[in-house]
Amino acid sequence: MILWHLFTTNEIEGSTKIMINAKDNYEELAAQEKGLEFERFSRNDALAIGLTINEKAKKFSDPITIEITVNGLVIFRYFSEGSVLDSELWLARKRNSVNLMSMSSLRFKYWLEVAGKTLEGRNLNASDYAAGGGGFPINLKGTGLVGSICVSGLPNHLDDHQLIVDAISEFLN
């Protein structure tokens, strides 16, 4: 699944502008998450997915960080060359959003938009939570949320999200 198809272009006054439909994006991401549920999830699975994300990230010149947690335990974490401490803080924000909302941090962004809310309006500190791509739930079929996969470091948060989606899709297939 390619995330960019969530967006449509609209010609306005001779320039192309991206028009984002938050409700459609929210629903598409919910379906995406449902389609990427796991039957089981082991530490070896985390290692395989983490290494796949790292391999896929090599097409970008930016350093990335990867974190996979299960039941509050970090079972995979990697900081590529050039990563900075700030990336660790972004991983925590994305993980917190996934854990709080039981959804991807990108879907959380659209949930807020559809609801007409902000982080601050929900009494959430932007230093602790992120509403944007890069945090994805590890959901077990019949169980629900057991952990998260987070990526940070790319200039476009949609690319952070897509790296995770591509790696999970490859793993599940």
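Up top is the structure.
Residue numbering note: each chain is counted from 1, following its sequence as written. Given that the model is predicted, a residue must reach a pLDDT of at least 70 before its local features are reported, and side-chain atom pairs must reach 80 or more before they are shown or counted; all residues, however, enter totals for whole chains, interfaces and linings. For the side-chain quantities, the full set of heavy atoms in the structure was used; hydrogens and water were omitted.

A. View of the overall build of the chain. Secondary structure counts use DSSP, requiring at least four H or I residues in a row for a helix and at least two E residues in a row for a strand, with both numbered from the N terminus. Per the secondary structure count, the chain includes five helices and six strands. Put simply, the chain runs from its N terminus to its C terminus through helices and strands in the order β-β-α-α-β-β-α-α-β-β-α. Only protein chains enter the area calculation, which uses a 1.4 Å probe; residues under 20% of their type maximum are buried, those over 50% are exposed, and those in between are partly exposed. Per-residue burial for the chain yields a buried fraction of 44% across its 173 residues.

B. Representation of helix H3 (residues 85–101). End to end, H3 covers 25 Å across 17 residues, agreeing with the expected 24 Å (1.5 Å per residue, within 8%). Burial in H3 covers these residues: Ser87, Leu91, Arg93, Lys94, Arg95, Ser97, Val98 and Met101. For this analysis, residues touch if any pair of their heavy atoms sits within 4.5 Å. Buried residues along H3 sit against strand E3 (65–70), strand E4 (73–79), helix H4 (105–115), strand E5 (135–140), strand E6 (144–152) and helix H5 (157–172). Two residues or fewer past H3, Ser102 is found with a positive phi of approximately 55°. In this scheme, a helix's expected span is set at 1.5 Å multiplied by one less than its residue total.

C. Seen up close, H4. When H4 is considered as a whole, its buried residues turn out to be Ser105, Leu106, Arg107, Phe108, Tyr110 and Leu112. Looking at the buried side of H4, the elements it contacts are helix H1 (22–35), H3, E5 and H5. A positive phi of about 65° marks Gly116, the residue just after H4.

D. Geometry of the packing of H3 against H4. Comment: axis = line fitted to C-alpha atoms, over the contacting stretch for helices; angle = value between 0 and 180 degrees taken between N-to-C directions. Between H3 and H4, the shortest axis-to-axis distance is 9 Å and the interhelical angle comes to 65°. If you check the angle between H3 and H4, you find them roughly perpendicular. The handedness of the crossing between H3 and H4 is left-handed. Contacts between H3 and H4 pair Lys94, Ser97, Val98 and Met101 from the former with Ser105, Phe108 and Trp111 from the latter. In what follows, roughly perpendicular refers to angles from 65 to 115 degrees, roughly parallel to angles under 35, roughly antiparallel to angles over 145, and oblique to any angle outside these ranges. By convention, the crossing between two helices is left-handed when the near helix turns anticlockwise from the far helix through less than a right angle, and right-handed when the turn is clockwise.

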